[in-house]
Amino acid sequence: MLDAILFDYDGTLGMTQERQHDWFHYWGKLNGKNRLMHPEGGDLSDLKRFIAVYNKVLAKHDVQRFYADLELPCDMNDRTHPVWIAYDSFKLSNPARLYPGIKEAIIEIWEAGQLSTQKNRNYRVRLGINTTNSWDSICKELKAHGILHCFDSYVAKDILAVYDGAGNASSITKPSKISVALSLDVLNSEGRATMHVGDTLGDLKASIDVRRGFRMHKGENLITVGVAWGYECRENLEGGVIDESGVSEHFKHIIESPDQLPKVVASYM
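Model, not experiment: these values are computed from the prediction. (Residues numbered from 1 in each chain as written. Predicted model: local features only at pLDDT ≥ 70, side-chain atom pairs only at ≥ 80, totals over all residues. Heavy atoms only, no water.)

Examining the pattern of salt bridges
Overall, the coordinates contain 12 salt bridges when judged by the stated rule. In this structure, Asp 43 engages Arg 35 in a salt bridge whose closest nitrogen and oxygen atoms are separated by 3.6 Å. Using a relative accessible area of 27% as the deciding quantity, one classes Asp 43 as partly exposed. For Glu 190, the salt bridge is made with Arg 192, and the minimal N-O distance between the two is 2.9 Å. Taking relative accessible area as the criterion, Glu 190 reaches 33% and is therefore assigned partly exposed. (Salt bridge = Lys/Arg side-chain N within 4 Å of Asp/Glu carboxyl O. Buried < 20%, exposed > 50% of the residue type's maximum accessible area, 1.4 Å probe, protein only.)

Details of the packing of helix α1 (residues 17-30) against helix α2 (residues 47-60)
Interhelical geometry of α1 versus α2 gives an angle of 90° and a closest axis separation of 10 Å. Here α1 lies roughly perpendicular to α2, going by the angle between them. Within the contact between the two elements, α1 uses Gln 17, Glu 18, Gln 20, His 21 and Phe 24 and α2 uses Leu 47, Phe 50, Ile 51 and Tyr 54. The class makeup of the residues in the contact of α1 with α2 is 5 nonpolar, 3 polar and 1 charged. (Axes fitted to C-alpha atoms, helices over the stretch in contact; angles between N-to-C directions. Helix = DSSP H or I, 4+ residues; strand = E, 2+ residues; numbered from the N terminus. Parallel < 35°, antiparallel > 145°, perpendicular 65-115°, else oblique. Contact = heavy atoms within 4.5 Å. Nonpolar A, V, L, I, M, F, W, Y, C, P; charged D, E, K, R; others polar.)

Re the packing of aromatic side chains
According to the stated counting rule, one finds 17 aromatic pairs in the structure shown. Ring centres of Phe 24 and Tyr 67 lie 4.7 Å apart, and the angle between their planes is 45°; this geometry places the pair in the tilted category. Within this pair, whereas Phe 24 is found in helix α1, its partner Tyr 67 is found in helix α3 (residues 63-69), the two being separated by 43 residues in sequence. Since its relative accessible area comes to 0%, Phe 24 is described here as buried. Assessed through its relative accessible area of 4%, Tyr 67 is described here as buried. An aromatic cluster is present here, built from Trp 23, Tyr 26, Trp 27, Trp 84, Tyr 87 and Phe 90 joined pairwise through their rings. (Phe/Tyr/Trp six-rings, centres within 6.5 Å; stacked < 30°, edge-to-face > 60°.)

Comments concerning the layout of surface pockets
Taken as a whole, the second largest pocket spans an internal volume of roughly 180 Å³. Every residue along the wall of the second largest pocket is listed here: His 38, Pro 39, Glu 40, Gly 41, Ala 52, Val 53, Lys 56, Val 57, Lys 60, His 61, Arg 65 and Asp 69. At the level of secondary structure, the elements contributing two or more residues to the lining of the second largest pocket comprise α2 and α3. The element best represented in the lining of the second largest pocket is α2, accounting for 5 residues. Taken together, the residues of the lining of the second largest pocket break down into 4 nonpolar, 3 polar and 5 charged. (1 Å grid on protein atoms, 1.4 Å probe; cavity = no way out; pocket = protein on both sides within 12 Å on 5 of 7 lines; lining within 4 Å. Points joined across faces, edges and corners; volume = space filled by probe spheres on them.)

Here's the deal with the sheet that holds strand β5 (residues 153-155)
A sheet is described by the order of its strands in space; here 6 strands give the open sequence β5-β4-β1-β6-β7-β10, paired in parallel fashion. Looking at which strands have only one partner, the edges of the open sheet turn out to be β5 and β10 (253-255). Going from strand to strand, the sheet's axes swing by 20° on average, the running direction of each strand aside. (Pairing = 2+ DSSP bridges.)

Take a look at the structure:
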């Protein structure tokens, strides 16, 4: 029986690809680059080309490498670096839209998880957000779209920074499993009773063999749902990942549109 559902934000709920594209061009112009050229991907003016190159770099390296490829100043480990001040301000000024149908899907799932006459469920299905973004920007976007009340918890960059203790949470952000482990604790749910909905192979990898607290000897696998409308296409999602023991892992479900999600959730209720 399903106890909780964990949602990625970027590319799953929020249409942030366009904003990421606009951000890099904005930061580029602030640093004297009127056109972004990638050494392997060429001109990144076109959104589809930008996303393709962006995903290719992140699959092998990280965002720091992408900044470096574009010869743009950035230090992912230094929250006082000007790039972060500019980025946080840019996000607040450019809120992301939700994917068409996401609001309706979230509300339908939230309503289906409420208490009812069902005798063997005396608690509601909890919904959580797992993101590497700051909660401030996401909270405002969820509230503006009228679905903030549907969520019970979140683990965001702010929480990870406090958990890290040194204010540098870059080493424990996704696809690290630590953010998922923290989410399970906050949701008060076991992995086998929790669904993780995300748009990248990183979300899948972070959901396999999760270790937490006094359960360090016992890995937990979440029910994984890949959404094909985000940063990675269906073809990439279907490829799966290889876990630490060399075993191939795949999404339990891959869906093409938000209206399919309530049906998948219902099958575990």
